[in-house]
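# Observations on chain architecture
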Amino acid sequence: MKNLSSGTAEGVAYMRFYESQRPAATRICSDELAYPLMAWWARLTARLCQPLPTRFMDWAFEKKGTGVSGYMAVRTRLFDDFVLKGAADGCLQYIILGAGLDSRAYRFRDQLAGVRTFEVDHPASQGVKKERVEMRFGALPDYVSYVPVDFTVDDLLSCLVEAGYDPGLPTMFTLEGVVMYLPEAAVRETLGFVVQHAGAGSMVLFDYVYAAALDGRIKSKVIQHMNSLKFVFHEPILSGIEQGAAEGFLLDRGFTRAEDYPPSRLYDLYLKPVVPERRISNVYAIAAGYK
């Protein structure tokens, strides 16, 4: 995997592309850059599947896990809303940890004007991302700082400061599709970094999996499917948070305020007003911490 982009990042980009093809009236999120940032084989899969009826594709996704496509769409939308609100509320820096094929720095270029953006990722994955960004735009944009970090050997703060990061400024951090692949100690350390090395008014948003889905207390086909992929992409799920414990987990790390988005809340916010018949996975949630 280390000489390639993340396999899960390719799958997530495909899911964003698929959601973007839905009719506007039923679309939860839209990412026009998902397709050009995908690998050739992912783009080929997208082209081959595009003529298939939406009903069939939804059925195929549901076979991997009930409500997984609904959750992925809602997750993208909430992260989009979080970033846009953070920029509007005065955050001056934006750090995408485990950036993968995240396209927000480019999709929201106008809204992020005046916000210094840093994409942090493993050097191999980031190298692939930069190649695709150059192919799409003709050159790397000067409003994004690419920060290669190997967390097993590099110091995150030193790497960010060298790239121009100011620890005294209000900063928003996002970890989309990242936390579940980190051991719990690394999750605690990363959240602690936000508290210790970001200015007042900083905030973080991350998604996570329920611990009960990892140890079998919640039966989940999607977790079984994701664990089966570890033999292909070498990206096993390593940690989870107990249902209802995310806010306390963040407050214990030193945040002054925390907010949890369990599946029921995500459904009420985004699916119920538009497509109430659409389901959402019961094993994933999202949490925000505010400094």
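Everything here concerns the structure above.
Keep in mind that what you see is a predicted model, and the values were worked out from it rather than measured. (Residues numbered from 1 in each chain as written. Predicted model: local features only at pLDDT ≥ 70, side-chain atom pairs only at ≥ 80, totals over all residues. Heavy atoms only, no water.)

## A few points about the sheet that holds strand S4 (residues 171-175)
An order of S3-S2-S1-S4-S5-S7-S6 is seen for the seven strands of this open sheet, with the pairing classed as mixed. Strands with a single pairing partner mark the edges of an open sheet, and in this sheet they are strand S3 (144-148) and strand S6 (257-261). Ignoring strand direction, the axes of neighbouring strands in this sheet form an average angle of 15°. Direction of pairing for S4 relative to strand S5 (residues 203-209): parallel, over a ladder of four bridges. Counted as the bridge partner of threonine 174 is leucine 205 from S5. Lying over the sheet, helix H5 (residues 68-88) contacts strand S1 (93-97), S4, S5, S6 and strand S7 (284-290), oriented at roughly 170° with respect to S5. Each of S6 and S7 is contacted by helix H14 (residues 263-271), which is oriented at about 80° to S6, the strand it contacts most. (Pairing = 2+ DSSP bridges. Helix = DSSP H or I, 4+ residues; strand = E, 2+ residues; numbered from the N terminus. Axes fitted to C-alpha atoms, helices over the stretch in contact; angles between N-to-C directions. Contact = heavy atoms within 4.5 Å.)

## Remarks on the pairing of S4
A regular strand carries its side chains on alternate faces of the sheet. Counting buried residues along S4, five of its five residues qualify, which places the element largely inside the surrounding structure. Burial along S4 is two-sided: the face carrying Thr171, Phe173 and Leu175 and the face carrying Met172 and Thr174 are both buried. In this sheet, S4 lies alongside S1 in parallel orientation, the contact comprising four bridges. Its bridge partner being in S4, glutamine 93 is matched across the sheet by threonine 171. Between the parallel pair S4 and S5, the chain is carried across by helix H9 (residues 184-196), and the sense of this crossover is right-handed. (Buried < 20%, exposed > 50% of the residue type's maximum accessible area, 1.4 Å probe, protein only. Right-handed = clockwise from strand over helix to strand, strands pointing away.)

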